[in-house]
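# Structural features, examined
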Amino acid sequence: MFNFDWLSGVSQETAKMIFLSLYGLIGVLVLLLPTEYVYEGIAKEDRHWYNNLKLWSICVLAILASIYYSF
Amino acid sequence: MLAGIDYFIVIAYIIGMLLLGLYFKKYVNSSEDYFLGGKSLPFWAIGMSIVVSDIGALDFVGVSGQAYRYGVSVGNFDWVGSVPAMLLAAFIFIPYFWRGGMYTIPEYLGRRYNQKVRTIASVTWILFFALDLGVLFWASAVLLNVLMGWPIWISIISTAGVVGLYTYFGGITAVIMTDVVQFIIMFIGGFALVFLSLYEVGGWDNMVEKISTMGPEYRNHFDIIQPQDTKSPFPWTGILFGLTFVMANAYMIGNQSIVQRCLTAKNEWHAKASMIFGSALKMFIPILVLFPGLMAVVVHPGLLDGDQALPMMIKSILPPGLVGLMFAAFFAGLMSSVDSLLNSTATLFTKDIYEPFIKKGADDKHYLKVGQITTLVLLVVGVATSPISSDFPGIYVAIQTFMSYFQGPIFAILLLGIFWRRTTEWGGLSALVIGIGFAIYLNVFKEQFFTIEDPFLYISWWSFLLSFIINMTVSLLTKKHSDEQLQGLVFSSKILVKNKTV
């Protein structure tokens, strides 16, 4: 049990899909955050699209998922 | 050994760091300035500082060595380990810590659970950081000794002198701003090595082709996912359960030297952005540390010690000038780790031990002085204990391993503390103590329980799980905390829409 023998039937390809799904899940959770929350700390009149931390996070996740997929 | 131009680069780098660090002395007028940079720092500086502190020179050598032995699966530590954890930290944990005006992670644990949990967590971190300090001083001295020819003790004292001076006077602002320069140097040196090594091996495709034909032991070298039954320390099950679910989160959310940087941010947006920016930069770390190790398989096949891969590549690939820059990059990694340990340990001691137990209610200047004196004492302790490394060569790995056993239980109590209102002080305390005990037990008898080479990922998962279950069970059997006690300490969906509720 400590060695996760019960997962020995899972192929490397399936395992890779699990990790890629994890990126997807995190991306969805980030998108669900209220926009107001990700701008918190910046005055309303100074908010721009490039301050949107959801956008930052999605970019990072997308690049990472591509790198991961390519290996 | 270094050429003349290399000496010039290294010495210019050391003097430059000292002067830059001392420049920030003028911004330190209170304990908040010293420990939290007056809450005035921008996200980009903090993000760079997080990354450069995370990847020290010893990791540079060690990860390249692991890439030499095990291949690209080492990249999981940054590509799937750190990034999701940093996003979780950015959007959930950091805003709580920042809004709560906290200085330390144990301070949160103290408010959420009790003083005992705070003290255990703090003392463990202090011991770990203090031990690590001596190891890092020794590693710096060995580098200076080998490359510059300086005697070991002169090397130790000069490293301690430079880093100690700017950390003592400039506090965390000096630490973070020198980290920015150290980050830039590390990236320039690292990428120079990667590009020149790629040229040497005839490009990426050529390298893959050569390694793939080197024999069956290299069959999985380019598989980022290692099978569950691999003998390497990185089976996908360990990466998913041990690294992604536990260790990476514990490191990015529960490590004082990482989180303290985010608490210096000028506002909540900068605090969150610093972690996300850091996660973007972390994507490049495997390229810097993993690729040279892979390329060494082609350039220097058959090395008995994988940790020789990076030094051998530097020696054989880089021209004069770039060797000095790469050495400065190494030294930057070491200095960054040392200054982080000094400032974080001083913060932990002053805020979690000195203020509650030794002198409560003193004026702010007093705590500032205590923080500075603690920094000096730590320097002396670090210098005095550094020769231990020469007597016990495996001590760095031993300290890191010890710390990995602490990570599972600490993350379990942090996670339940912030997400489950029903968690009680006794649940947290018992989970911490029993979880650490269980991790030590699994480590001592690891041959009986595990089939892989170094099962630290599995141990962190199982100790996390046990701590999680114990915390829940004991909490349900003990008296729950009142709403007033939990005010601002437990996650509520209201935080997402109504800032003032926390």
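This text follows the structure it describes.
Description of the structure in this document.

How each quantity is defined
Residues numbered from 1 in each chain as written. Chains lettered and ligands numbered in written order. Predicted model: local features only at pLDDT ≥ 70, side-chain atom pairs only at ≥ 80, totals over all residues. Heavy atoms only, no water. Contact = heavy atoms within 4.5 Å. Buried area = accessible area lost by both parts, 1.4 Å probe. Salt bridge = Lys/Arg side-chain N within 4 Å of Asp/Glu carboxyl O. Polar contact = N/O pair within 3.5 Å; in protein donor to acceptor, adjacent residues only side chain to side chain. Helix = DSSP H or I, 4+ residues; strand = E, 2+ residues; numbered from the N terminus. Nonpolar A, V, L, I, M, F, W, Y, C, P; charged D, E, K, R; others polar. Patch = residues over 30% accessible without salt bridge, like charges linked within 9 Å, V, L, I, M, F, W, Y side chains within 5 Å. Areas by Shrake-Rupley, 256 points an atom, 1.4 Å probe, with all protein chains shown as cover. Buried < 20%, exposed > 50% of the residue type's maximum accessible area, 1.4 Å probe, protein only. 1 Å grid on protein atoms, 1.4 Å probe; cavity = no way out; pocket = protein on both sides within 12 Å on 5 of 7 lines; lining within 4 Å. Points joined across faces, edges and corners; volume = space filled by probe spheres on them. Axes fitted to C-alpha atoms, helices over the stretch in contact; angles between N-to-C directions. Parallel < 35°, antiparallel > 145°, perpendicular 65-115°, else oblique. Left-handed = near helix turned anticlockwise from the far one by under 90°. Phe/Tyr/Trp six-rings, centres within 6.5 Å; stacked < 30°, edge-to-face > 60°. Lys NZ or Arg CZ within 6 Å of the ring centre and 35° of its normal.

Here the focus is the interface of chain B and chain A. Of the residues lining the interface, 50 residues belong to chain B; the matching set on chain A comes to 36 residues. Overall, the association of chain B and chain A removes approximately 3900 Å² of surface from exposure, summing both partners, and the carbon and sulfur fraction of that is 77%. Of all residues in chain B, F91(B), W236(B) and W269(B) give up the largest surface area on contact with chain A, accounting jointly for 19% of the area buried on that side. Applying the counting criterion to the chain B and chain A interface returns zero salt bridges. Scanning the region where chain B abuts chain A turns up eight residue pairs in polar contact (both at pLDDT 80 or more). Elements supplying a minimum of two residues to the side of chain B that touches chain A: α5 (76-99), α10 (236-254), α12 (268-282), α19 (425-444), α21 (456-477) and α23 (494-497) of chain B. Ranked by residue count, the leading element in the side of chain B that touches chain A is α5(B), at ten residues. A class-by-class count of the residues in the side of chain B that touches chain A yields 37 nonpolar, nine polar and four charged.

Turning our eyes to something else, we now look at a nonpolar patch on the surface. Residue and element names in this part refer to chain A. The grouping of L25, V28, L29 and L32 at the surface amounts to a nonpolar patch, some 400 Å² of accessible area in total. Structurally, V28 is set in helix α1 (residues 12-32). The partly exposed category is assigned to V28, whose relative accessible area is 45%.

Okay, the pattern of salt bridges next. Residue and element names in this part refer to chain B. Summed over all chains, the structure comprises eleven salt bridges over all chains. One salt bridge connects D78 with K282, and the closest N-O pair in it is separated by 2.8 Å. Pair noted here: D78 is in helix α5 and K282 is in helix α12, with a separation of 204 residues, a long-range link. For D78, a relative accessible area of 10% gives the class buried.

Estimates place the volume of the second largest pocket at around 550 Å³. Every residue lining the second largest pocket is counted, 20 residues in all, and those nearest its centre are I26(A), L29(A), P84(B), L88(B) and N249(B). Going through the elements one at a time, α1 of chain A together with α5, α10 and α18 (395-419) of chain B are the ones with two or more residues in the lining of the second largest pocket. When its residues are assigned to classes, the lining of the second largest pocket shows 18 nonpolar, two polar and no charged.

Further remarks concern the packing of helix α3 (residues 53-70) of chain A against α5(B). Direction vectors running N to C along α3(A) and α5(B) enclose 165°, while the axes themselves pass 11 Å from each other. Our classification of the angle between α3(A) and α5(B) gives roughly antiparallel. Along this stretch, α3(A) crosses α5(B), giving a crossing that reads as left-handed. Contacts from L53(A), S57(A), V60(A), L61(A), L64(A), I67(A) and Y68(A) of α3(A) reach α5(B) at N76(B), W79(B), V80(B), V83(B), L87(B) and F91(B). Classifying every residue of the contact of α3(A) with α5(B) by side-chain character gives eleven nonpolar, two polar and no charged.

Here we take up the environment of V381(B). In this structure, V381(B) sits in helix α16 (residues 364-385). A C-alpha to C-alpha distance of 8.7 Å links V381(B) and L131(B), two positions 250 residues apart in sequence.

Let us look at the packing of aromatic side chains. Summed over all chains, the structure comprises 45 aromatic pairs over all chains. Each ring, one from W125(B) and one from F406(B), has its centre 5.8 Å from the other, and the planes form 80°; the classification is edge-to-face. A residue pair is termed long-range when its members are at least 10 positions apart, and W125(B) in helix α7 (residues 115-148) and F406(B) in helix α18 qualify at 281 residues. Note that K272(B) overlies the ring of Y37(A), its terminal NZ or CZ placed 3.7 Å from the centroid. The aromatic ring of Y103(B) is capped on one face by K351(B), whose charged end is 4.1 Å from the ring centroid.

This next bit is on the packing of helix α8 (residues 152-201) of chain B against helix α14 (residues 309-317) of chain B. All names here are of chain B. Where α8 contacts α14, the axes come no closer than 11 Å and their chain directions differ by 75°. Classified by the angle their axes make, α8 and α14 are roughly perpendicular. Residue-level inspection shows L193, L196, S197 and E200 of α8 in contact with α14, the latter providing L310, M313, I314 and I317. Per-class residue counts for the contact of α8 with α14 are six nonpolar, one polar and one charged.

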